[in-house]
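Summary of the model geometry
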Amino acid sequence: MNAGHAPAFDGGHAVNPPLVRASTVLFDNVAQQREMRARRGGERLFTYGARGTPTTFALEDAVSELEGGHRTRLFPTGLAAIGMSLLAYLKPGDHVLMSDSVYQPTRHLARSFLAPYGIRCTFFNADGSDAASLMEPATRLVYAEAPGSLVYEMCDLPRLAEMAHARGALLAADNTWGSGCQYRPLALGADISIMAATKYLSGHSDVMMGTVCTTQAAWQPLAERSDAFGMTVSPDDAWLVMRGLRTL
Ligand SMILES: *Cc1c(COP(=O)(O)O)cnc(C)c1O
């Protein structure tokens, strides 16, 4: 029965993207469904609610523009965005070098989950002064937070990026305080920028969300891991964050 199914939505010309909720998406025929499913690993396609809807795609694009990155994924909280980033770029046996200024739950995640899972973590001074001396052959990720929690320590991000890349590691930064408005880690050499949209992006203390924006080169592991874990957000929440973003 087809009655009640929405026609394909093209976004129209509304200034603020309308709210679109969806789980199952219909295709014209089985061949088209198979083709879309085959392509969706590499392209952003509207094939199932968990893979995003036109509403979440619009917020992803806004964050990518704000951060100056390739693409963005949305997460139910800022902390979930951090956790998924760590899981996307690290595996047991790896080492992560983390700023001492990280948001406390990030440190808790490193100690309570990463360590027992076989991913070692050490902390560098928030100004980055001892980071080079703490790099190890197994260091796959350098994780900064600048401005840092809670007293806004800054580090030399371009220098950390150079150091990480010279040793075959990636640089991630929690950009919650910088918000993409004040500070753009990707423009300073980072590969991955994470924000708790819960804070400045939403701006109204009524929604939880996290974002991860990456360079093109760093994108695939994040996309694959997020899909594997079924990470998604409510389009209603994405709509609220987009509304908050307009007055960032
Ligand atoms: C609040 C915050 C987070 C986590 O965001 P939630 O949406 O509360 O999970 C991460 N990093 C920083 C710097 C924060 O201030």
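Residues numbered from 1 in each chain as written. Predicted model: local features only at pLDDT ≥ 70, side-chain atom pairs only at ≥ 80, totals over all residues. Heavy atoms only, no water.

Looking at the pattern of salt bridges
Put simply, the rule is: For salt bridges, the criterion is a side-chain nitrogen of Lys or Arg within 4 Å of an Asp or Glu carboxyl oxygen.
Enumeration over the complete set of coordinates arrives at 11 salt bridges. Here the residues in one salt-bridge network are Glu35, Arg39 and Glu43, joined through shared partners.

A look at helix H7 (residues 219–228)
Stated formally: Under the scheme applied here, a residue whose accessible area is under 20% of the maximum for its type counts as buried, over 50% as exposed, and between as partly exposed, the area being computed with a 1.4 Å probe on protein chains only. A run of H or I in DSSP becomes a helix once it reaches four residues, and a run of E becomes a strand once it reaches two; helices and strands are each numbered from the N terminus. The arc in question is the one spanned by the directions pointing from the helix axis to the C-beta atoms. Contact between two residues is taken to exist if any of their heavy atoms lie within 4.5 Å; hydrogens are not considered.
By the burial criterion, the buried members of H7 are Trp219, Leu222, Ala223 and Ser226. Around the axis of H7, the buried residues are gathered within 95 degrees of arc, so they sit on the same side. Looking at the buried residues of H7, the elements they touch are strand E1 (71–75), helix H3 (78–89) and strand E7 (210–214). Immediately beyond the C-terminal end of H7, within one or two residues, lies Gly230, with a positive phi of roughly 70 degrees.

A word on the packing of aromatic side chains
What counts, and what does not: Pairs were defined over the aromatic rings of Phe, Tyr and Trp, the Trp ring being its six-membered one, requiring ring centres within 6.5 Å. Orientation was assigned from the angle between planes: stacked under 30 degrees, edge-to-face over 60, tilted for the rest.
Considering all chains together, one arrives at 3 aromatic pairs under this definition. Ring centres 4.9 Å apart and planes at 20 degrees place the aromatic pair Phe113 and Tyr117 in the stacked group. For Phe113, a relative accessible area of 34% gives the class partly exposed. On the basis of relative accessibility, which here comes to 37%, the residue Tyr117 falls in the partly exposed class. With a centroid separation of 6.0 Å and 65 degrees between ring planes, the pair formed by Trp177 and Tyr200 is classed as edge-to-face. Separated by 23 residues along the polypeptide, Trp177 in the loop between strand E5 (170–174) and strand E6 (192–196) and Tyr200 in the loop between E6 and E7 bring together distant segments of the chain. By relative accessible area, Trp177 is classed as partly exposed at 22%. What makes Tyr200 partly exposed here is its relative accessible area of 37%. Grouping aromatic residues by their ring pairs yields a cluster made of Tyr152, Trp177 and Tyr200.

A closer look at helix H6 (residues 157–166)
Two residues of an α-helix separated by three or four positions point the same way, owing to the 3.6 residues in each turn. For H6, the complete set of buried residues consists of Leu157, Leu160, Ala161, Met163 and Ala164. Seen end-on, H6 carries its buried residues on one side only, within an arc spanning 165 degrees. Exposed positions of H6 whose direction lies more than 90 degrees from the buried face are Glu162 and Ala166. Those residues of H6 that are buried are in contact with strand E2 (95–99), strand E3 (120–124), helix H5 (131–134), strand E4 (139–145) and E5. Phi turns positive one or two residues past the end of H6, at Gly168, with a value near 75 degrees.

Brief notes about the sheet that holds E7
This is how the line gets drawn: Each pair of strands is called paired provided DSSP finds at least two bridges between the two strands. To obtain each axis, a line is fitted to C-alpha atoms, and for helices this fit is confined to the stretch in contact; angles are then taken between N-to-C directions over 0 to 180 degrees.
With respect to topology, 7 strands assemble into an open sheet ordered E1-E7-E6-E5-E4-E2-E3, the strand pairing being mixed. The outermost strands of the open sheet, each flanked by one partner alone, are E1 and E3. Mean inter-strand twist for the sheet, computed between neighbouring axes without regard to direction, equals 20 degrees. As paired elements, E4 and E5 share 5 bridges and run parallel to each other.

Looking at the domain arrangement of the protein
To keep it simple, the criterion reads: All the domain ranges listed were derived from an automatic or database domain assignment. A 1.4 Å probe defines the accessible area here, and the buried area is the portion of it lost by two parts on being joined, summed over both. Residue polarity is assigned by list, with Asp, Glu, Lys and Arg as charged and Ala, Val, Leu, Ile, Met, Phe, Trp, Tyr, Cys and Pro as nonpolar; anything else, Gly included, falls into the polar class.
According to the domain assignment, the protein consists of domain 1 (22–51) and domain 2 (52–245). Look at where the C-alpha atoms of domain 1 and domain 2 centre, and you get two points 28 Å apart. Of the roughly 900 Å² buried at the junction of domain 1 and domain 2 (both faces included), carbon and sulfur atoms supply 45%. Three residues stand out in domain 1 for area buried against domain 2, namely Arg44, Phe46 and Arg51, and they jointly supply 64% of the buried area on that side. Where domain 1 touches domain 2, the interface holds 3 salt bridges. Looking at side-chain class alone, the side of domain 1 that touches domain 2 contains 5 nonpolar, 3 polar and 3 charged residues.

Here's the deal with the pairing of E6
It is a general feature of regular strands that their side chains alternate between the two faces of the sheet. In terms of burial, E6 is largely enclosed, as 5 of its 5 residues are buried. Side chains of E6 alternate between two faces, with Ile192, Ile194 and Ala196 and Ser193 and Met195 buried alike. For E6 and E7, the ladder comprises 5 bridges, and the chain directions are antiparallel. Directly across from Ala196, in E7, lies its bridge partner Gly210.

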